[in-house]
Amino acid sequence: MKVPLLDLQPQMQPLREEILTAVTAVIDSTRYILGPEVAGLEDEVASYCGAHSGVGVSSGTDALLVSLMALGIGQGDLVLTTPYTFFATMGSIIRTGAMPVFCDIDPVSFNIDPEAMAEILEEDARGERRIRAIMPVHLFGQCAAMERILELARRYEVAVIEDAAQAIGAEYPMMTEQGVVWKRAGSMGDTGCFSFFPSKNLGGIGDGGMVTTNEPALAGRLRSLRNHGAEPKYFHASIGGNFRLDPIQATVLRIKLSHLESWHQGRRRNSEKYRQYFSDSGLNGSPVQLPEAVYRDFPDAADHNFHIYNQFIIRVPRRDELRAYLQEHEIGCEVYYPLCLHQQECLKSLDMSTRHFPVAEQAARESLALPIYPELSDAQIQYVVETIHSFYHR
Ligand SMILES: *Cc1c(COP(=O)(O)O)cnc(C)c1O
């Protein structure tokens, strides 16, 4: 049996005619830059996320970059983030002239550890106060500990840029005067950054991204910067770039957005199947550690937070051997991420402190992503678990 890590065919097939019609309409309209499809998607994504505005951009990477630019972050500034994420999180920081400061992760959620963050922010506040922003990543589709992160951001007066590239629709329980309110990724920080890369839960037919924000003035700056800072056309009070979202992507994404909730449910159902089969096979706990959501602040919140499972990540001993074994058995799997950001070659020429982040480094050695896309069959999931069982019982 073949089990690809991701198969986009079963998602595209039923929507193919509708998408072809919509793309044809954009072609026939000759409106090829921004326009009504982009504006429509911006409103729909903002409202889906519970944010005031959305600004369509060329990719998730550019969403991060333009957010930093709009917040005036650059040369001499530091941005606090996680060393265990996709490269773009750090790349965008360095491209503005700022530098990343890393903080270790929580061993259970793989997300930035707010207590370690608190220490770094306190140290910075006693010294030069160079940290201007926190960039938490909602890794694999699960929100970082936003309640505590927002509290720290207020205390140390730094901005929060949510890297929500893997987490559109993920929810986090916030304690308010009215009780617990579930907030969606991208609606909690100063900006939320989304990617429509084809492998994300909401993926286009190419690159695309979106920035969400609740601050109208910031939305205006983002809108201007994605278009070379031109206001009006050919008059530039600030320097932006060409970070515009393509209307062909926007029209496809609008169609797909209406199915997103049911796709999330499919991924969540599959995660439950994995849990069941791993338990039945006796692998759960040892040697296989399954993904878990534990938030100290909300022990009673249903499901702790709403995970959209962009990736289903297990931790295992002999990870690389298991990976090769699964590949031999036609099971797709991947390592996210084999090397932490502080260990990347490109940092060697920069003057970075050589600290270690043991929790992140261990995650990079042990984690393995299994297929989780919504249309997987029970038989496929069972085959993945049986194959892992046979690897550890050879
Ligand atoms: C995918 C991703 C990005 C970048 O998005 P692109 O659209 O590929 O530029 C940024 N951060 C994280 C965590 C991602 O997973």
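Residues numbered from 1 in each chain as written. Predicted model: local features only at pLDDT ≥ 70, side-chain atom pairs only at ≥ 80, totals over all residues. Heavy atoms only, no water.

### As for the layout of surface pockets
Next up, step 1: Reported here for the second largest pocket is a volume of approximately 360 Å³.
Next up, step 2: Lining the second largest pocket we find 22 residues, and of these Phe-86, Gln-166, Ser-195, Phe-197 and Lys-200 sit closest to its centre.
Next up, step 3: Mapped onto the lining of the second largest pocket, the elements with two or more residues apiece are α4 (60–70) and α5 (87–95).
Next up, step 4: In terms of residue count, α4 provides more of the lining of the second largest pocket than any other element does, three residues in total.
Next up, step 5: For the lining of the second largest pocket, the class distribution of residues is eight nonpolar, 11 polar and three charged.
Next up, step 6: Summarising the domain contributions, the lining of the second largest pocket has at least three residues from each of domain 1 (9–257) and domain 2 (260–392). (1 Å grid on protein atoms, 1.4 Å probe; cavity = no way out; pocket = protein on both sides within 12 Å on 5 of 7 lines; lining within 4 Å. Points joined across faces, edges and corners; volume = space filled by probe spheres on them. Helix = DSSP H or I, 4+ residues; strand = E, 2+ residues; numbered from the N terminus. Nonpolar A, V, L, I, M, F, W, Y, C, P; charged D, E, K, R; others polar. Domains from an automatic or database assignment.)

### A short note on helix α11 (residues 319–328)
Next up, step 1: Turning to α11, its buried residues are Arg-319, Leu-322, Tyr-325 and Leu-326. For α11, the angular spread of the buried residues around the axis is 125 degrees, confining them to a single face. Facing away from the buried surface of α11 by more than 90 degrees, the exposed residues are Asp-320 and Glu-328.
Next up, step 2: Of the surrounding secondary structure, the elements contacted by the buried residues of α11 are α12 (358–366), β11 (367–370) and α13 (378–392).
Next up, step 3: Downstream of α11 by one or two residues, Glu-330 has phi in the positive range, about 60 degrees. (Buried < 20%, exposed > 50% of the residue type's maximum accessible area, 1.4 Å probe, protein only. Arc of directions from axis to C-beta. Contact = heavy atoms within 4.5 Å.)

### Notes on the site of the ligand
Next up, step 1: The full set close to the ligand counts 15 residues, and Gly-60, Thr-61, Gln-166, Ser-195 and Lys-200 are the nearest of them.
Next up, step 2: Between the ligand and Thr-61, the relevant distance is 2.5 Å, taken from an oxygen atom to a side-chain nitrogen or oxygen of the residue.
Next up, step 3: Asp-163 has a polar side-chain atom sitting 2.8 Å from a nitrogen atom of the ligand.
Next up, step 4: Look at the ligand: alone it shows 380 Å² of surface, and the protein chains cover 93% of it.
Next up, step 5: Comparing atom positions with the cavity grids shows the ligand to sit within the second largest pocket. (Near = heavy atom within 4 Å. Polar contact = N/O pair within 3.5 Å; in protein donor to acceptor, adjacent residues only side chain to side chain. Areas by Shrake-Rupley, 256 points an atom, 1.4 Å probe, with all protein chains shown as cover. Sits in = over half its atoms within 2 Å of the grid points.)

### Side note on the domain arrangement of the chain
Next up, step 1: Annotation of the chain at the domain level lists domain 1 (9–257) and domain 2 (260–392).
Next up, step 2: Interface area for domain 1 against domain 2, summed over the two sides, is near 4,000 Å², with a carbon-plus-sulfur share of 63%.
Next up, step 3: For domain 1, the biggest contributors to the area lost against domain 2 are Tyr-84, Phe-140 and Asn-201; these three give 18% of the whole.
Next up, step 4: At the boundary of domain 1 and domain 2, one finds one salt bridge.
Next up, step 5: The salt bridge partner of Glu-261 is Arg-184, with a shortest N-O separation of 3.7 Å.
Next up, step 6: Joining domain 1 to domain 2, the criterion identifies 21 residue pairs in polar contact (both at pLDDT 80 or more).
Next up, step 7: For the side of domain 1 that touches domain 2, the secondary structure elements donating two or more residues are α1 (9–12), α5, β3 (99–102), α6 (114–126), β6 (171–176), β7 (179–184) and α9 (247–257). (Buried area = accessible area lost by both parts, 1.4 Å probe. Salt bridge = Lys/Arg side-chain N within 4 Å of Asp/Glu carboxyl O.)

### Overview of the nonpolar core
Next up, step 1: Core analysis: the biggest nonpolar cluster contains 74 residues, and Tyr-84, Met-117, Met-146 and Ile-168 have the highest contact counts within it.
Next up, step 2: No other element matches the six residues that helix α7 (residues 146–156) contributes to this core.
Next up, step 3: Looking at which domains feed residues into this core, each of domain 1 (9–257) and domain 2 (260–392) gives three or more.
Next up, step 4: Not counting residues within four places of it along the chain, the set of residues in contact with Tyr-84 comprises Ile-105, Phe-110, Leu-139, Phe-140, Tyr-336, Tyr-337, Cys-340, Ala-360, Ala-363, Ala-364 and Ser-367.
Next up, step 5: Within the second largest apolar cluster, 29 residues are counted, among which are Val-316, Leu-368, Leu-376 and Val-384. (Core = buried A, V, L, I, M, F, W, Y, C linked by side-chain atoms within 4.5 Å.)

### A look at the UniProt feature "modified residue: N6-(pyridoxal phosphate)lysine" (unreviewed entry) in the chain
Next up, step 1: Within this numbering scheme, the UniProt entry marks Lys-200 as carrying the feature "modified residue: N6-(pyridoxal phosphate)lysine" (unreviewed entry).
Next up, step 2: Along the chain, the position of Lys-200 falls in the loop between β8 (191–195) and β9 (209–213).
Next up, step 3: Those residues in contact with Lys-200 that lie beyond four places of it in its chain are Ala-165, Gln-166, Ser-195 and Asn-310. (UniProt positions renumbered as here; feature names shortened; annotations may be inferred.)

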